[in-house]
Amino acid sequence: MSTEPKIYPKFKPNPLVANLPPHLKDPANYWNIKLAIAKTMQRCRKSHAEIGEMASCKKCTEGMLERRLLLKRLGFKNPAQYHLWSKIHGEIQTRYPLVDWKKENEVRKALKQ
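Residues numbered from 1 in each chain as written. Predicted model: local features only at pLDDT ≥ 70, side-chain atom pairs only at ≥ 80, totals over all residues. Heavy atoms only, no water.

(A) Spatial organisation of helix α5 (residues 58-74). Its 17 residues place the ends of α5 24 Å apart at the C-alpha level, agreeing with the 24 Å of an ideal helix rising 1.5 Å per residue. Cys60, Gly63, Leu70, Leu71 and Leu74 are the residues of α5 that are buried. Along the long axis of α5, the arc covered by the buried residues comes to 100 degrees, so they all point the same way. Facing away from the buried side of α5 by over 90 degrees, the exposed positions are Lys58, Arg68, Lys72 and Arg73. If you follow the buried residues of α5, they end up packed against α2 (22-25), α3 (30-40), α4 (51-56) and α6 (79-95). (Helix = DSSP H or I, 4+ residues; strand = E, 2+ residues; numbered from the N terminus. Expected span 1.5 Å × (residues − 1). Buried < 20%, exposed > 50% of the residue type's maximum accessible area, 1.4 Å probe, protein only. Arc of directions from axis to C-beta. Contact = heavy atoms within 4.5 Å.)

(B) How the structure looks around the packing of α3 against α5. With their axes 8 Å apart at the nearest point, α3 and α5 run at an angle of 155 degrees to one another. Considered as vectors, α3 and α5 are oriented roughly antiparallel to each other. Contacts from Ile33, Ala36, Ile37 and Thr40 in α3 reach Gly63, Glu66, Arg67, Leu70, Leu71 and Leu74 in α5. For the contact of α3 with α5, a count of residues per class yields six nonpolar, two polar and two charged. (Axes fitted to C-alpha atoms, helices over the stretch in contact; angles between N-to-C directions. Parallel < 35°, antiparallel > 145°, perpendicular 65-115°, else oblique. Nonpolar A, V, L, I, M, F, W, Y, C, P; charged D, E, K, R; others polar.)

(C) Region of the structure containing the nonpolar core. Of all hydrophobic cores here, the largest spans 13 residues; its most connected members are Ile37, Phe76 and Trp85. Of all the elements in the fold, those that place two or more residues in this core are α3, α5 and α6. Beyond its immediate stretch of four places on either side in the chain, Trp85 contacts Val17, Leu20, Leu24, Tyr30, Ile33, Lys34 and Phe76. (Core = buried A, V, L, I, M, F, W, Y, C linked by side-chain atoms within 4.5 Å.)

(D) Fine view of the packing of α3 against α6. The N-to-C vectors of α3 and α6 enclose an angle of 135 degrees; their axes lie 11 Å apart at closest approach. With respect to α6, the axis of α3 lies oblique. Our pair here, α3 against α6, has a crossing hand that is left-handed. Counted together, Tyr30, Trp31, Ile33, Lys34 and Ile37 of α3 and Tyr82, Trp85, Ser86, His89, Gly90 and Gln93 of α6 form the full contact between these two elements. Grouping the constituent residues of the contact of α3 with α6 by class yields six nonpolar, four polar and one charged. (Left-handed = near helix turned anticlockwise from the far one by under 90°.)

(E) Layout of the packing of aromatic side chains. Throughout the structure, instances matching the rule amount to five aromatic pairs. Ring geometry for Tyr30 versus Trp85: centroids 5.5 Å apart, planes at 50 degrees, classification tilted. One end of the pair, Tyr30, is in helix α3; the other, Trp85, is in helix α6, and 55 residues separate them in sequence. Aromatic pair Phe76 and Trp85: ring centres 5.3 Å apart, planes at 65 degrees, arrangement edge-to-face. Judged by its relative accessible area of 3%, Phe76 falls in the buried class. (Phe/Tyr/Trp six-rings, centres within 6.5 Å; stacked < 30°, edge-to-face > 60°.)

Here is the structure:
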């Protein structure tokens, strides 16, 4: 038997999500952000069969550009960061579906004071 304590490696957060702004780390904002991003892609009423058709459609191109600018305004640095954020928060929503995150955040703020 060894008398030395077990030393576990320190937790290293993923560099893509380590530098996210606080409002993106909050699970209470997940659905609002997803909804805002989805609204930017609903400009065109047509359903395009291929990506080339979508790229040549003026309304769809404007929607894609607006989506890119919205992601920058929200604080995402690149699409990979957005996709990882979406995956993480989607998993939080599936594991804890009954938690009211807005109420939970109010409790946490009250405990800090």
